[in-house]
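The primary structure of each chain is shown beneath.
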Amino acid sequence: MPRFVDLTRLLHPDMPRFPTDPPLQVSELESAAADSFEVLAYAFVGPSGTHVDAPSHVRPGGRTLADIPVEPLPLVVFPLPDASFLTAADILAWEDTHGRVPADSFAALHTGWADGPAPGWSLEAVQLLHSRGVTAIGHDTLNTDPSVLTDRGDYPAQRWWLANDHWQVEFLTGLEQVPATGAQMWVSWPVPAGGSSFPCRAVAVV
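Calculation notes
Residues numbered from 1 in each chain as written. Predicted model: local features only at pLDDT ≥ 70, side-chain atom pairs only at ≥ 80, totals over all residues. Heavy atoms only, no water. Helix = DSSP H or I, 4+ residues; strand = E, 2+ residues; numbered from the N terminus. Rg over C-alpha atoms; globule rule 2.2 N^0.38 Å. Buried < 20%, exposed > 50% of the residue type's maximum accessible area, 1.4 Å probe, protein only. Contact = heavy atoms within 4.5 Å. Areas by Shrake-Rupley, 256 points an atom, 1.4 Å probe, with all protein chains shown as cover. Pairing = 2+ DSSP bridges. Axes fitted to C-alpha atoms, helices over the stretch in contact; angles between N-to-C directions. Salt bridge = Lys/Arg side-chain N within 4 Å of Asp/Glu carboxyl O. Phe/Tyr/Trp six-rings, centres within 6.5 Å; stacked < 30°, edge-to-face > 60°. Lys NZ or Arg CZ within 6 Å of the ring centre and 35° of its normal. Arc of directions from axis to C-beta.

Caption draft 1: Seen up close, the overall build of the protein. Counting secondary structure elements, the protein contains four helices and 13 strands. Relative to the 2.2 N^0.38 estimate, which gives 17 Å for 206 residues, the radius of gyration of the protein is 17 Å and therefore close to what a compact globule would have. In terms of principal-axis extent, the alpha carbons of the protein reach across some 65 × 45 × 35 Å. For the protein, the proportion of its 206 residues judged to be buried stands at 43%. Considering only contacts within the protein whose residues lie at least 6 apart along the sequence, 72% involve residues at least 24 apart. Surface summary for the protein: the accessible area is close to 10200 Å², and the carbon and sulfur share equals 55%.

Next up, the structure:
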């Protein structure tokens with residue numbers, strides 16, 4: 001029987017977020033009662049919590065969330081060595097053990113990050129995944145790139161990946177419950193017209 005691993009974080013006002021983004025706001029318009037239904041209003045930016053980024057996030061005229069098909073993708077998970085970013089050499093070493101990264105797959109980076117300076121992908125790593133035909137990437141951090149770069153406004157890996165017509169999921173959780181190979185990734189989201197980022201539900205089927 002398959003095992004389902006929810007890789008989605010709860011949306012709440014105190015969740016970690018990009019420093020310039022406002023916090024999630026929730027207000028009750030109506031409460032549940034015998035003659036009424038609970039109605040909550042939410043105010044948040046598109047890249048909130050576990051969220052998906054489409055190519056149009058960085059590329060004018062690029063594919064939006066409405067253009068990305070919802071389909072299962074083979075899932076591979078890379079653990080992060082004791083470093084600030086995953087390198088192309090790390091991926092090649094992973095392939096020596098697990099085999100070549102499959103085309104049309106979802107590649108996730110498990111860093112175990114919780115607080116403080118965040119690790120991430122190197123530009124060379126995502127370029128190698130592109131050459132392998134990977135469809136999408138994901139990570140358990142707020143940004144594709146490590147904070148040593150994002151703190152100074154540099155996003156080389158994220159910009160390159162999205163500009164080359166790929167998509168990604170940020171701020172995943174639970175990747176320690178997923179094997180390096182053999183699982184499938186399901187990601188779904190609402191479809192805002194022209195949207196480039198939005199909270200999503202990410203589930204691994206093991």
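Caption draft 2: Structural view of the sheet that holds strand β11 (residues 183-188). Here we have nine strands laid out as an open sheet, ordered β1-β13-β11-β5-β7-β9-β10-β4-β12, and mixed in their pairing. The sheet is open, and its two edges are formed by β1 (4-6) and β12 (197-199), each paired on a single side. For this sheet, the mean angle separating the axes of adjacent strands, direction not counted, is 25°. Pairing between β11 and strand β13 (residues 201-205): five bridges, direction antiparallel.

Caption draft 3: Geometry of the pattern of salt bridges. Using the criterion set out here, one finds four salt bridges in the structure. We note a salt bridge from Asp6 to Arg201, for which the minimum N-O separation is 2.6 Å. Here the residue Asp6 occupies a position in strand β1, and Arg201 occupies one in strand β13, the gap between them amounting to 195 residues. Looking at Arg201, the relative accessible area reads 46%, which means it is partly exposed. Across the salt bridge formed by Arg132 and Glu95, the nearest N and O atoms sit 2.8 Å from each other.

Caption draft 4: Structural detail: the environment of Val58. As for its placement among the helices and strands, Val58 is situated in the loop between β4 (51-53) and β5 (73-79). The residues touching Val58, leaving out its near neighbours within four places in the chain, are Arg159, Leu162 and Ala163.

Caption draft 5: Representation of the packing of aromatic side chains in the model. With the rule as written, the count across this model stands at six aromatic pairs. Between Phe18 and Tyr155, the ring centres sit 6.4 Å apart and the planes meet at 50°, which makes this aromatic pair tilted. Of this pair, Phe18 sits in the loop between β1 and β2 (25-30) while Tyr155 is found in the loop between α3 (147-150) and α4 (156-163), placing the two residues 137 residues apart along the sequence. With a relative accessible area of 28%, Phe18 lands in the partly exposed category. On the basis of relative accessible area, Tyr155 is assigned to the buried category, the value being 17%. Measuring from centroid to centroid gives 4.8 Å for Phe78 and Trp94, while their planes differ by 65°, and the two rings are edge-to-face. With Phe78 in strand β5 and Trp94 in helix α1 (residues 88-98), this residue pair connects regions lying 16 residues apart in the sequence. Each member of the pair, Phe78 as well as Trp94, carries the same accessibility label: buried. Within the aromatic cluster, the residues linked to one another by ring pairs are Phe78, Trp94 and Trp121. Here the basic side chain of Arg9 rests over the ring of Phe171, its NZ or CZ set 3.8 Å away from the ring centre.

Caption draft 6: Seen up close, the pairing of β5. Taking burial as the measure, the seven residues of β5 include five buried ones, the bulk of the element. Relative to β11, β5 runs antiparallel, the two sharing three bridges. If you follow Leu73 over to β11, its bridge partner there is Met185. In this structure, β5 lies alongside strand β7 (residues 106-110), joined through five bridges in parallel fashion. Note that in β7 the partner of Phe78 across the bridge is Leu109.

Caption draft 7: A look at α4. Turning to α4, its buried residues number three or more, namely Ala157, Gln158, Trp161 and Leu162. Within α4, the buried residues cover an arc of 115° as seen down the axis, which keeps them to one side. Buried residues along α4 sit against β4, β8 (120-121), α2 (123-131), β9 (136-139) and β10 (167-170). Of the residues one or two after α4, Asp165 is the one with positive phi, at around 70°.

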